[in-house]
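Observations on chain architecture
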Amino acid sequence: MMRLQLLFAIPLILGCATTAMSHHSFAAVYDDSKLLTVSGVVPEFKFVNPHALMYMDVTDASGKVTKWVVEFAGRLNLSNVGWTADSIKSGERVTVTGNPTHTGSDRIAFKRLVHTDGTELLPAAPQRSQTLEEERRQRALRRNSNQQKQ
Amino acid sequence: MATSQILKACARLLALIPIVCVPLFSQAPSASRDFMGMWSDPPVTIIGDFCANWCTDAGIERLNALLDDPKNDARPLAALQAEAAAYQREKYIRPRLTDAALKTYPLDRAEDPAFLRCEPYGFAQQFIARHQLEIRQPVKDRLELRYGEWDARRTIYMDGPRPPAEPSSPLGSSVGRWEGDTLVIETSGIRAGRTPWQSEHSDQLRVVERFTRSKDGKSLTLTATMTDPWSLREPVLIKHIWAWAPDQIIAPYDQCEIPTEVKKGIR
């Protein structure tokens with residue numbers, strides 16, 4: 001069954017998305033001010049470069065099946081954060097949230113994927129951003145401490 | 001010549017050997033000069049992240065100033081990095097561009113041949129591309145640089161016979177040398193193309209790359225000096241950082257998909 005939600009238009013800061021899709025002009029195809037969520041069954045996940053692709057059969061209330069394409073960063077990038085060709089299996093049902101295209105075609109740029117068991121795939125390892133935030137926090141602590149001494 | 005004179009001459013020559021040879025032996029590879037192997041995306045630090053594509057000292061300085069200002073503590077890190085990136089484009093890059101380059105700067109990313117037609121990067125985009133960089137030395141006087149992005153390969157001719165002069169090519173012709181523990185590579189003969197900051201460059205572009213390995217061996221920093229009389233009023237210095245990544249591999253890069261729906265004009 002098709003579940004298609006145009007969630008909300010938000011001024012996302014997509015630094016990660018734009019840099020991850022390195023050979024790609026993300027903004028030329030996808031609207032980074034919108035998010036869309038789609039559920040369906042995966043016939044194929046291609047773990048390739050320069051961009052991984054997932055095909056998804058999305059069925060609407062009348063039973064009509066539409067083929068969607070989900071575009072990811074490339075294997076070069078995803079393998080750095082632990083993804084493999086088996087991260088998404090053929091035949092499984094998934095829910096994907098991402099940026100829709102400017103034209104409204106059946107294609108989205110991946111931001112988040114939820115497996116049936118509730119586990120998630122995200123574009124960047126959470127520990128990476130946690131490490132950066134921790135560095136920033138420590139830096140602010142040092143700065144505040146130095147200011148107090150003065 | 002008397003035998004004694006010949007012996008004296010030989011003795012003088014033998015005495016010179018240490019003087020001549022010591023500098024040669026001092027050029028022997030040291031730990032910090034060993035760049036061979038696999039490198040990849042930069043260390044997980046704020047500056048490493050900022051320089052994951054390319055950065056300048058002006059941009060790093062700006063980012064540090066933003067981080068040091070308590071007024072920015074509540075702003076997302078990505079917003080500060082974006083502001084520093086915009087600063088280096090407008091305050092460092094733009095003033096160095098010639099009128100000819102400014103006519104089309106910044107170029108529309110949607111019209112980048114790499115995106116629009118799946119054409120591999122030219123030198124100026126390739127040499128600072130993200131992801132893997134593998135450095136090998138297949139023969140004594142050559143280095144091979146292989147990049148994950150586009151699976152591009154460069155041959156660097158080291159201190160020896162130079163490559164035959166050729167018309168310009170996408171990745172140009174490169175010769176290299178060691179200056180202490182710094183690997184210096186000079187590249188010219190580069191076909192006109194795009195710069196990392198999305199301007200045009202001519203086939204007069206010359207790039208001097210200086211690679212240094214950190215003392216702990218974990219990172220490799222590239223500082224590149226780019227000159228091009230057609231597009232640049234003065235040299236531009238940019239940086240890129242890789243992290244030591246011996247477990248990584250370069251996967252095939254053969255599934256580029258030409259986009260069928262493109263909206264141009266989005267900066």
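Because the structure is predicted, anything quoted here is derived from the model rather than measured. (Residues numbered from 1 in each chain as written. Chains lettered and ligands numbered in written order. Predicted model: local features only at pLDDT ≥ 70, side-chain atom pairs only at ≥ 80, totals over all residues. Heavy atoms only, no water.)

A look at the pattern of salt bridges
All chains considered together, the criterion is met by 22 salt bridges over all chains. One salt bridge connects Arg139(A) with Asp68(B), and the closest N-O pair in it is separated by 3.4 Å. With one member in each of two chains, Arg139(A) in helix 4 (residues 126-149) and Asp68(B) in helix 3 (residues 57-68) form a pair that bridges those chains. The exposure class assigned to Arg139(A) is buried, which follows from its relative accessible area of 18%. (Salt bridge = Lys/Arg side-chain N within 4 Å of Asp/Glu carboxyl O. Helix = DSSP H or I, 4+ residues; strand = E, 2+ residues; numbered from the N terminus. Buried < 20%, exposed > 50% of the residue type's maximum accessible area, 1.4 Å probe, protein only.)

Section: helix 4 (residues 77-93) of chain B
Over its 17 residues, helix 4 of chain B runs 23 Å from end to end, which matches the ideal 24 Å to within 8%, given 1.5 Å per residue. Those residues of helix 4 of chain B lying buried are Leu77(B), Ala79(B), Leu80(B), Gln81(B), Ala84(B), Ala85(B), Gln88(B), Tyr92(B) and Ile93(B). Residues of helix 4 of chain B that are buried sit in contact with helix 4 of chain A together with helix 2 (46-50), helix 3 and strand 11 (236-244) of chain B. (Expected span 1.5 Å × (residues − 1). Contact = heavy atoms within 4.5 Å.)

Let's talk about the interface of chain A and chain B
In this assembly, 33 residues from chain A lie in contact with 45 residues from chain B. If you look at where chain A meets chain B, you find four salt bridges. Linking chain A to chain B there are 15 residue pairs in polar contact (both at pLDDT 80 or more). Counting only elements with at least two residues in the side of chain A that touches chain B, the list comes to helix 2 (26-29), helix 3 (75-78) and helix 4 of chain A. For the side of chain A that touches chain B, the leading source of residues is helix 4 of chain A, giving 10 residues. Grouping the amino acids of the side of chain A that touches chain B by side-chain chemistry returns 10 nonpolar, 14 polar and nine charged. (Polar contact = N/O pair within 3.5 Å; in protein donor to acceptor, adjacent residues only side chain to side chain. Nonpolar A, V, L, I, M, F, W, Y, C, P; charged D, E, K, R; others polar.)

Quick word on the confidence of the model for chain A
Per-chain confidence: chain A averages 84 in pLDDT, with 83% of residues scoring 70 or above. For residues 1-20 of chain A, every residue scores under 50 in pLDDT, and the model assigns this stretch 47 contacts once sequence neighbours within four places are set aside. (pLDDT = per-residue confidence, 0-100.)

Quick look at the packing of aromatic side chains
Residues and elements named next belong to chain A. Summed over the entire model, instances satisfying the criterion amount to 14 aromatic pairs over all chains. Arranged with centres 5.6 Å apart and planes meeting at 70°, the rings of Phe72 and Trp83 form a pair that is edge-to-face. Linking Phe72 in the loop between strand 4 (65-71) and helix 3 with Trp83 in the loop between helix 3 and strand 5 (93-100), this pair joins segments that are 11 residues apart in sequence. The pair formed by Phe72 and Trp83 is uniform in burial state, with each residue classed as buried. (Phe/Tyr/Trp six-rings, centres within 6.5 Å; stacked < 30°, edge-to-face > 60°.)

Notes on the sheet that holds strand 11 of chain B
All names here are of chain B. Taken together, the nine strands give a closed barrel; going around it, the order is 1-2-3-4-5-6-9-10-11, and neighbouring strands pair in mixed fashion. Across the sheet, the mean angle from the axis of one strand to that of its neighbour is 30°, orientation sign disregarded. Two elements, strand 6 (residues 182-188) and strand 9 (residues 206-213), share five bridges in a ladder whose sense is antiparallel. Each bridged residue has a counterpart across the sheet, and for Val184 the counterpart in strand 9 is Arg210. (Pairing = 2+ DSSP bridges. Axes fitted to C-alpha atoms, helices over the stretch in contact; angles between N-to-C directions.)

Brief notes about the pairing of strand 6 (residues 107-115) of chain A
All names here are of chain A. Extensive coverage of strand 6 is indicated by the burial of seven of its nine residues. In this sheet, strand 6 lies alongside strand 4 in parallel orientation, the contact comprising three bridges. Bridge pairing in strand 6 links Val69 to Arg107. Both strand 5 and strand 6 contribute to a ladder of seven bridges, which runs antiparallel. Along strand 6, the bridge assignment pairs Asn99 with Ala109. Joining the antiparallel neighbours strand 5 and strand 6 is a turn of six residues, in which Gly104 adopts a positive phi near 75°.

A word on the state of the cysteines
Residue and element names in this part refer to chain B. Going through the model one piece at a time under the given rule, you end up with two disulfides over all chains. Sulfur-sulfur distance for the disulfide between Cys51 and Cys55 comes to 2.0 Å. Looking down the S-S bond of the Cys51 and Cys55 bridge, the torsion is 90°, so its handedness is right-handed. Here Cys51 matches Cys55 in class, with each residue buried. (Disulfide = S-S within 2.5 Å.)

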